[in-house]
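# Structural characterization, general
Below, each chain spelled out in residue letters.
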Amino acid sequence: AVSPLSASGGGLLFEDAPASIDHTSIQGCSASSDGDAIGGGLLLDSISLCTVSESTISDCVAAGGAAAQGGGLWMSTLDEGVATMRDSLIRNCEANGGTFAEGGGVYLRSVATVLGVVMELCQIRNCAASSDDIAQGGGMHIYGRANVLLSDESLILGCRALQGSSLQTLADASGGFATVTYKLPAPPGHWLPHTVCKVYRAPCFPDANTVCADSEACSRLPNVNFAPPFVGGVQCAPLASTQPCPFLRHPALIDSLVYQMPAQPLDGDFPFKCAPGSLSGGPNSSSPTCSGPCLAGTLCPADSTEPQPCPRGSFCPAGSAVPRPCPPGTFSNRTDTPSAAACQGCPPGHACAAGSVLPLPCQPGSYSNATGSPVCLAVPPRYFQASSGSVDFEACPAGSYCPQGTMTPQPCGAGTYSNLTKLASGDECEPCPMGHACALGTTEPSPCAAGTFAETTGLSVCDLVPAGTYQDTLAAAGYKPCVRGSFCTQGSSAPLPCTAGTFSNATQLTAADECTWCPPGHACALGSVLPSPCQPGSHAPSPRAEQCIWCPVGTFQEEAGATRCIDCAEGFFCPAGSSVPRACPAGTYRAAPGASRPDLCTAAPAGTFAAAGSQQPTPCFAGYFGTSERMSDGRCSGKCAAGHYCPEGSTNSTAFSCPAGTFNSFQGAESINDCVDCPMGTFSSRRGATRCEECGVGTYANASGMYTCAPCARTTAQPLRAQSACVACVPGQSSAEGARECDVCAPGFFRLDADAPVSSCTQCDGGGDRGGGVTAGVIGGGGGGGDDDGVASNGVNVGWSC
């Protein structure tokens, strides 16, 4: 319900008529206005009869900018109206007003007439009246002459307001005010001071004229038709002006236990809670202690209806509303500990703070060596304890330090070390020396590895040597410049060689691409400082050569640093890698270039020779001859035979014979000019003569170059050999042709004795020729002659006649 001036009945509204609400839930409703707002959940206006049964009004609000009343229920009466609520609940409702707020849960209004309200087994919970100015009756606000009866464990609980958190009564303008009666029993855990509802009557003073009725019996009887009743025939005294309970409206209250609420704000829960530490009251508890103090070993907190076990870690003397912690140094795991003395002592290695359920093992870094310790002691400096529940501690190990309370030894900081035990502070750790690194918790400095260095103390890690340098030793405090022929990346433990095909004559190179390409004609092996010229017999045609290439077969290179190889010349052969051409072996030749092996050289044919490296064969020298192949010099197989001559290219020793009539007595004749004519008196009758024969006796050679000797003509003779002419016979003597001597008488001459010398020839008389013509002209005797001496050989004595 929303209205700018006034809003009412956010959930249900009944006006000027009986109302019956049964098994109904009114939830989350509101009456909201800038002016006044009433009845956030249910509004019963000017009713004469109303019944609410087994219903719930929850989370409703009456919100007014000026006034707000009855966040859950707002009720007013007409002509002695009666409202009954049974087994119902109003909860979490609120009256929220700008100027004032009344009745966060229930607002009852009765003006001039009496509103009778009976609440049986009902509850108003957690309702509130809130305002910046006036806020009254957080649970219930009663204005005027209402008569309210709460019974059967009805309860107002947890409500809030500036005044009358649970209940507020306010007289109307005429001075009429409400009465509030509670008929016991109260809910469990609650109590009320109470009295027995009786009929109070005026005093009766018996005398001779007055008989008083039984006052006890009269107190249990209401008036009948406004007249006192009779007991035993005697009328009871009139009603007293003040009565302990509203029995006139509710006769059934007589002899019941009731509490008549005074006309003042009630701020606590209603009925009142049993005092903490008390046993929950019976249905008719009349004091804060209800049924008496809680038993030892149990606990009776506020709002409890039954004794609770004493919590572990606590003890509970009789009458305990809250548990008391076991004293420091003790513990209890029981739920019925009645006293501090019943708490157990804490064992060694444990601590028991106040209220300990179980001994708490001393945490690492602490210890306890006695019984009954409330706290564990911190391990002293220079020691540690890593285990829980300890009664002692251990010495701090090397490489660590242990301040007080150490559970785990603290490692010496990065850049420091210690080989001592029982250090108490990191300041006692030694700075790491140069050339070493000390990681966290180091006991001995670690030498810097190759490729790293530490030039200052106190380093946790060794630095990588910078690019362009290296370090090949351990524990170095510096680094070395990268050597020639190498480069050094960051962190190098040794110079890295320039890659094959490159070189460097500079130091401190940082990368491989800083190495220089090897020039053509050179090779650069891994790590070269300078290019290496290709050796004779090899070459490198391109840059960046890793190694020189051997000259291929048929080529050579005699210079270093070459970029190409040269074709092998004629007369030579070149195996792979030749630095100089190799001459074809003596006796062979090569007419074409590019030979790769000696078997490609051609054998010099017979009659020729080939010196080593020949391009063509050469004829054997004149005066010499070659009978076979592969002659290696001009003398070939040897000198030409005597009697012969050998021009160039001769293939045998007798290639050409000296002609008849000539001779050659020495070897090695080169031409026919070396054949000498036989001198006069000699001859050579055959070709190839090595000497001339002497002309025999009776012959002669009168010219040089004769191949035969001529016989001496008749009348001549030659007794000597090797003569160039014959000798004429002296007169009177004669000879046969080819005679060695003149051994016959010339015609016209004679001798008588054959044995007589030819000189004895005597001229015949007459001087004429009588015949003759024989070689031996003798008479008698037995001589003879041969062919050479001109003497007849017939052996006959010749007698010449004149």
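Residue indices begin from 1 for each chain and proceed along its sequence in written order. Note on the predicted model: pLDDT of at least 70 is required for a residue's local features to be given, and 80 or more for side-chain atom pairs to be given and counted; whole-chain, interface and lining totals, by contrast, use all residues. The side-chain figures draw on all heavy atoms in the structure; neither hydrogens nor water molecules are used.

### Some details on the overall build of the protein
Operational definition: Per the convention used, a helix needs a DSSP run of H or I reaching at least four residues, while a strand needs a run of E reaching at least two, with both numbered from the N terminus. We compute the radius of gyration from the C-alpha atoms alone; for a globule the expected value is 2.2 Å times N to the 0.38, where N is the number of residues. Exposed residues in this analysis have more than 50% of their type's maximum accessible area, buried residues have under 20%, and partly exposed residues fall in between, with area computed by a 1.4 Å probe over protein chains only. In what follows, residue pairs with any heavy atoms lying within 4.5 Å of each other are defined as contacts. We count Lys and Arg on the positive side and Asp and Glu on the negative side, and we leave His and both chain ends out. Charged groups are reduced to one reference atom each: NZ for lysine, CZ for arginine, CG for aspartic acid, CD for glutamic acid.
Along the protein, the regular secondary structure elements total 1 helix and 85 strands. For 802 residues, the compact-globule estimate of 2.2 N^0.38 gives 28 Å, and the protein exceeds it by more than 25% at 84 Å. If you line up the protein on its principal axes, its C-alpha atoms span 285 × 70 × 45 Å. Counting the 802 residues in the protein, one finds 44% classified as buried. Once local pairs closer than 6 in sequence are excluded, the contacts in the protein between residues at least 24 apart make up 54%. With 35 positive and 63 negative side-chain charges, the protein shows a spacing of 8 Å between the two charge centroids.

### Observations regarding the nonpolar core
As a reminder, the rule being used: Here, nonpolar core means buried Ala, Val, Leu, Ile, Met, Phe, Trp, Tyr and Cys residues that are tied together by side-chain atoms lying within 4.5 Å of each other.
In terms of nonpolar packing, the biggest core is built from 47 residues, with Leu 73, Met 75, Ile 90, Leu 108, Ile 124, Ile 142 and Phe 270 touching the most fellow members. Residue contributions to this core peak at 5 residues, all from strand S8 (residues 42-53). Those residues in contact with Met 75 that sit more than four places away from it in its chain are Leu 44, Ile 47, Ala 83, Tyr 107, Leu 108, Arg 109, Leu 115 and Val 117.

### Quick notes on the pattern of salt bridges
Put simply, the rule reads: One speaks of a salt bridge when a side-chain nitrogen belonging to Lys or Arg is within 4 Å of a carboxyl oxygen belonging to Asp or Glu.
Going through the model one piece at a time under the given rule, you end up with 13 salt bridges. Asp 633 serves as the salt-bridge partner of Arg 635, at 3.3 Å between the closest nitrogen and oxygen. A relative accessible area of 28% places Asp 633 in the partly exposed class. Via salt bridges that share partners, Lys 198, Glu 216, Arg 220 and Asp 255 belong to a single interconnected network.

### Comments concerning the side chain of Thr 502
To be explicit about the condition: Polar contact criterion, stated in full: a pair of N or O atoms within 3.5 Å, where within protein one must be able to donate a hydrogen and the other to accept it, and residues adjacent in sequence count only if both atoms are side-chain atoms.
For Thr 502, the location among the structural elements is in strand S56 (residues 502-503). Here the side chain of Thr 502 touches Thr 499 through a polar contact of 2.6 Å, landing on its backbone oxygen.

### Some details on the environment of Thr 469
Counting through the fold element by element, Thr 469 comes out in strand S52 (residues 469-470). Given the relative accessible area of 8%, Thr 469 is considered buried. In the structure, Thr 469 is positioned 190 residues away from Pro 659 in sequence and 96 Å away in space, judged by C-alpha atoms. Dropping the residues within four chain positions of it, Thr 469 is found in contact with Tyr 479, Lys 480, Pro 481, Cys 482, Cys 488, Thr 489 and Ser 492. Here the side chain of Thr 469 touches Pro 466 through a polar contact of 2.6 Å, landing on its backbone oxygen.

### Quick look at the sheet that holds strand S14 (residues 94-97)
The test is simple: For two strands to pair, DSSP has to find at least two bridges joining them.
Pairing in this open sheet of 5 strands is parallel, and the strands run S1-S6-S10-S14-S19 from one edge to the other. Edge positions in the sheet fall to strand S1 (2-3) and strand S19 (128-131), since each has one partner strand and no second. One ladder, built from 4 bridges, connects strand S10 (residues 61-64) with S14; its direction is parallel. Its bridge partner being in S14, Gly 64 is matched across the sheet by Gly 97.

### A word on the state of the cysteines
Under the convention used in this document: What counts as a disulfide here is a pair of cysteine sulfur atoms lying within 2.5 Å.
Throughout the structure, instances matching the rule amount to 28 disulfides. A sulfur-sulfur separation of 2.1 Å characterises the disulfide bridge that pairs Cys 346 with Cys 352. Taking the sign of the S-S torsion, about 75° here, the bridge from Cys 346 to Cys 352 comes out right-handed. The disulfide partner of Cys 362 is Cys 376, and the gap between their sulfur atoms is 2.0 Å. Negative torsions about the S-S bond denote left-handed disulfides, and the value of about -90° found for Cys 362 with Cys 376 makes this one left-handed. In this pair, Cys 362 sits in the loop between strand S39 (360-361) and strand S40 (366-367) while Cys 376 sits in the loop between S40 and strand S41 (377-378), placing the two residues 14 residues apart along the sequence. Since its relative accessible area comes to 0%, Cys 362 is described here as buried. The thiol sulfur of Cys 29 is not disulfide-bonded, and the nearest other cysteine sulfur, from Cys 60, lies at 4.4 Å. Cys 122 provides the cysteine sulfur closest to Cys 50, a residue in no disulfide bond, and the two sulfurs are 11 Å apart. Relative accessible area serves as the criterion here: at 1%, Cys 50 is assigned to the buried category.

### A short note on the packing of aromatic side chains
Stated precisely, the cut-off is as follows: When two rings of Phe, Tyr or Trp (its six-membered ring) have centres within 6.5 Å they constitute a pair, described as stacked for plane angles under 30 degrees, edge-to-face for angles over 60, and tilted for the intermediate range.
The final tally for this structure, using the stated rule, is 12 aromatic pairs. When the centroid spacing of 6.0 Å and the interplanar angle of 50° are considered together, the rings of Tyr 259 and Phe 270 count as tilted. In this pair, Tyr 259 sits in strand S30 (residues 257-261) while Phe 270 sits in the loop between S30 and strand S31 (272-273), placing the two residues 11 residues apart along the sequence. Summarising the burial analysis for this pair, Tyr 259 and Phe 270 share the class buried.

### Side note on the pairing of S14
Side chains Ala 95 and Gly 97 of S14 all project onto a buried face; the interleaved residues Glu 94 and Asn 96 project onto a face where none is buried. Sheet topology places S14 next to S19; 4 bridges connect them, and they run parallel. Looking across to S19, one finds that Ala 95 is bridged to Ala 129.

### What about unusual backbone geometry?
With an omega dihedral of 20°, the bond running from Leu 184 to Pro 185 counts as a cis peptide bond. Counting through the fold element by element, Pro 185 comes out in the loop between strand S25 (179-183) and strand S26 (190-191). Phi at Glu 54 is positive, roughly 50°, even though this residue is not glycine. Judged by its relative accessible area of 41%, Glu 54 is partly exposed. A positive phi is found at Asn 92, a non-glycine position, where the angle reads about 55°.

### Things to note about the sheet that holds strand S7 (residues 36-38)
The criterion, for reference: Lines fitted to C-alpha atoms define the axes here, with helix axes fitted over just the stretch in contact, and angles between the N-to-C directions of these axes take values from 0 to 180 degrees.
Within the open sheet, the 5 strands sit side by side as S2-S7-S11-S15-S20. Their pairing is parallel. Every other strand in the sheet has two partners, leaving strand S2 (6-8) and strand S20 (134-136) as the edge strands with one partner each. Neighbouring strand axes in the sheet, compared pairwise and without regard to direction, differ in orientation by 5° on average. Where strand S15 (residues 100-102) and S20 come together, 3 bridges link them in parallel fashion. Looking at S20, one finds that Phe 100 is bridged to Ile 134.

### Some remarks on the environment of Gln 733
With respect to the secondary-structure elements, Gln 733 resides in strand S82 (residues 733-734). On the basis of relative accessibility, which here comes to 15%, the residue Gln 733 falls in the buried class. Separated by 17 residues in the primary sequence, Gln 733 and Phe 750 place their C-alpha atoms 9.0 Å from one another. Dropping the residues within four chain positions of it, Gln 733 is found in contact with Cys 742, Val 744, Cys 745, Ala 746, Val 758 and Ser 759.

### Topic: the confidence of the model for the protein
So the rule is basically this: Values of pLDDT, which run from 0 to 100, indicate the predictor's confidence residue by residue.
Mean pLDDT over the protein stands at 88; residues scoring 70 or higher make up 94%. Taken together, the stretch residues 767-801 has pLDDT below 50 and engages in 80 contacts with residues farther than four places along the chain or on a different chain.

### Comments concerning the side chain of Ser 366
Structurally, the position occupied by Ser 366 is in strand S40. For Ser 366, a relative accessible area of 11% gives the class buried. Reaching out from Ser 366, the side chain makes a polar contact with the backbone oxygen of Gln 363 at a distance of 2.7 Å. Excluding its chain neighbours within four sequence positions, the residues that come into contact with Ser 366 are Cys 376, Leu 377, Ala 378, Val 379, Gln 385 and Ser 390.

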